[in-house]
Amino acid sequence: MTRQQVLDLYFMENRAKLIDIGAFIDRIERATGEEDFRMKAFRTALGELSKGQPAKARRVLLSLSDPTTEPISVATTKAASGAWPGTK
Amino acid sequence: MVSRVTDDYLDMAAAGCQAVCEPAFWAGFDRSSVDGFFDYFRQLTEHEPKRAAKFGLLHFTWLCINPKESEDVKLAEDVLSIIPKFLDKPNVLGIGEIGLNKNSRNELKVLEMHVDMAAKYNQLILVHTPHLEDKLKGTRLIIEVLKNDSRIRPERCIIDHVEEHTVEMVLNAGFWAGMTLYPESKCTAARAVDIVETYGQQRLWMNSACDWGVSVPLAVPYAALEMRKRGHTAEAVDKLVYQNPITFLSQSPKFKI
């Protein structure tokens, strides 16, 4: 596909998603209390989009992932939170 | 599809689906004993095929204790002990969906027990990779377990729920890779087609998540539509959504379509 064709197919949908992200951050900042590691990881992941590097979806996923390699001693929950608490 | 209403079978049949492949998975709560699994395996091998057949759909299944219940190794051993009783059922394709959830030591141990059973009984393997932040690490650990067992042939294993950061390592290791289509987590149709355009169609397929969460049983037909919107040929669509699954699943003599 040409870039024009990709834009014709996907621009409006992704424009809406972009505004949703802006509104989400506004909502967080309007709310009271402290953020947690998820928002820190979210902001780090957002930064991946403006680095001008290829494979942006992969980079975002990597930035939200647990990079360690050893199994944990015991699973104390079944749920995943979407971000790794150790994100610097 | 034990977690879905009958209307979903109707919709799938109307959309042109021919078969359902249902892995054993978590019930949304922990089962209290092996007896719960015995009944669940009966449901998967006796009841669901009949429910699907009412709409002309073939029903195939995979058996295991899901990684979400694998922290309890004793329960897992009990469940593994009853699985051989069901392996000869006509709709059982193999062991699955096994894998990891939180990447714990016990989950890893239970994964190795399942892999051993698959090797002993010459079964195909369907692997679940962990969710979200746990997927990268879990996929690496799973590949390590499978590669460390010399009896396991990668072409007889599909590692499911790949995304942009895990698909390459799965394909490079010789396994099949599944892209599970989900509205929020895992992979959207547009991203799945991006992955196909980046990595090609070799040993890659798509599946619709049909579980307790918000999911879309017609996700694969919608992804086929996404491919057509981008100008993929009818042959390319057919290979990804139909021929590739048949190629992999036909390694089980029970899979006939």
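### Here's the deal with the packing of helix α2 (residues 34–53) of chain B against helix α3 (residues 73–82) of chain B
Residue and element names in this part refer to chain B.
Move 1: Direction vectors running N to C along α2 and α3 enclose 35 degrees, while the axes themselves pass 9 Å from each other. For the element pair α2 and α3, the recorded crossing hand is right-handed. For the pair formed by α2 and α3, the contact residues are Val 34, Phe 37 and Phe 38 on the first element and Leu 75, Asp 78, Val 79 and Ile 82 on the second.
Move 2: Residue composition of the contact of α2 with α3, grouped by class: six nonpolar, no polar and one charged.

### Some points on the interface of chain B and chain A
Move 1: Of the residues lining the interface, 27 residues belong to chain B; the matching set on chain A comes to 23 residues.
Move 2: Counting residues per element, the side of chain B that touches chain A draws most heavily on helix α5 (residues 135–148) of chain B, which supplies five residues.
Move 3: Of the residues belonging to the side of chain B that touches chain A, the class tally is five nonpolar, seven polar and 15 charged.

### Observations regarding the domain arrangement of chain A
Move 1: On domain assignment, one finds that chain A holds domain 1 (1–32) and domain 2 (35–63).
Move 2: Relative to domain 2 of chain A, the C-alpha centre of domain 1 of chain A lies at a distance of 15 Å.

### Considering the nonpolar core
A general trend in soluble globular proteins is that nonpolar side chains are found buried together.
Move 1: One finds Ile159(B), Leu181(B), Ala192(B) and Ala223(B) to be the most contacted residues of the largest nonpolar core, which totals 69 residues.
Move 2: Of all the elements, helix α4 (residues 105–120) of chain B adds the most residues to this core, at six residues.
Move 3: Other than its neighbours up to four places away in sequence, Ile159(B) contacts Val127(B), Thr129(B), Thr139(B), Ile142(B), Val170(B), Phe175(B), Ala177(B) and Gly178(B).
Move 4: Counting residues in each nonpolar core, the second largest holds six residues, with Ala41(A), Phe42(A), Leu64(A) and Ala83(A) among its members.

Conventions adopted
- Residues numbered from 1 in each chain as written.
- Chains lettered and ligands numbered in written order.
- Predicted model: local features only at pLDDT ≥ 70, side-chain atom pairs only at ≥ 80, totals over all residues.
- Axes fitted to C-alpha atoms, helices over the stretch in contact; angles between N-to-C directions.
- Helix = DSSP H or I, 4+ residues; strand = E, 2+ residues; numbered from the N terminus.
- Left-handed = near helix turned anticlockwise from the far one by under 90°.
- Contact = placed C-beta atoms within 7 Å.
- Nonpolar A, V, L, I, M, F, W, Y, C, P; charged D, E, K, R; others polar.
- Domains from an automatic or database assignment.
- Core = buried A, V, L, I, M, F, W, Y, C linked by C-beta atoms within 7 Å.
- Buried ≥ 20, exposed ≤ 12 C-beta atoms within 10 Å, placed from the backbone.

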